[in-house]
Amino acid sequence: MRNHTVTHLLHAQLRSVLGQHVQQAGSLVAPDRFRFDFTHGSMLTQDEIDRIGENVNNLILANYPVMVLHKNYKDAVGDGAMALFGEKYGDVVRVIRTGWPDEKPVSMELCGGTHVTQTAEIGSLVIMSEGSVARACAVSKA
């Protein structure tokens, strides 16, 4: 639950620091660690990694509530919930909203996974590494 919830916070901060073009491209959520795959055109600088990690840890320490909402798909997306991977959704969707109820959410995504109820339950985020999972190769014929 902790690692699943922190993927949402990490995704939000990747988009905040690097730009709204960043999209989740997959993940591995295990009890003791997680991997978050995302689209971006270049390697992250150490400054970007540090800023993202600090921002996520500040969100964790703020102890925001993590709420599960059920909404009409169009209303959820209209309210700003991210729908990932081009998946097909039913009329009613499950939305994970992190943040104070009367303020703009720090994260809001359609998600069916398990989550903590307050961000402080996560503990902390330590970014261990960043790397590319795909390489491009140009080939020319002589």
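No experiment lies behind these values; they were computed from the predicted model shown.

Conventions and cut-offs
- Residues numbered from 1 in each chain as written.
- Predicted model: local features only at pLDDT ≥ 70, side-chain atom pairs only at ≥ 80, totals over all residues.
- Heavy atoms only, no water.
- Core = buried A, V, L, I, M, F, W, Y, C linked by side-chain atoms within 4.5 Å.
- Buried < 20%, exposed > 50% of the residue type's maximum accessible area, 1.4 Å probe, protein only.
- Helix = DSSP H or I, 4+ residues; strand = E, 2+ residues; numbered from the N terminus.
- Contact = heavy atoms within 4.5 Å.
- Axes fitted to C-alpha atoms, helices over the stretch in contact; angles between N-to-C directions.
- Parallel < 35°, antiparallel > 145°, perpendicular 65-115°, else oblique.
- Left-handed = near helix turned anticlockwise from the far one by under 90°.
- Nonpolar A, V, L, I, M, F, W, Y, C, P; charged D, E, K, R; others polar.

1. A word on the nonpolar core
Within the largest apolar cluster, 21 residues are counted, with the highest numbers of intra-cluster contacts made by Leu-10, Leu-14, Leu-18, Ile-52, Val-56 and Ile-60. Elements that contribute at least two residues to this core include exactly helix H1 (2-18) and helix H2 (46-61). Ranked by residues supplied to this core, first place goes to H1 with six residues. Among all residues touching Leu-14, those that are not within four sequence positions of it are Gly-19, Val-22, Phe-36, Phe-38, Leu-44 and Ile-52. If you look at the next biggest cluster of nonpolar residues, it comprises six residues, including Ala-76, Ala-81, Val-93 and Met-108.

2. Digging into the side chain of His-8
Tracing the backbone through its elements, the reader meets His-8 in helix H1. Once you skip the residues sitting within four places of it in the chain, His-8 turns out to touch Ser-107, Glu-109, Cys-111 and His-115.

3. Structural notes on the packing of H1 against H2
Contact geometry of H1 with H2 gives a least axis separation of 9 Å together with a crossing angle of 135°. It follows that H1 is oblique to H2 by the angle criterion. Every pair of crossing elements has a handedness; the one defined by H1 and H2 is right-handed. On H2, the residues touching Val-6, Leu-9, Leu-10, Gln-13, Leu-14, Val-17 and Leu-18 of H1 are Glu-48, Arg-51, Ile-52, Asn-55, Val-56, Leu-59 and Ile-60. For the contact of H1 with H2, the class distribution of residues is ten nonpolar, two polar and two charged.

Geometric descriptors of this kind do not, in isolation, establish any biological role.
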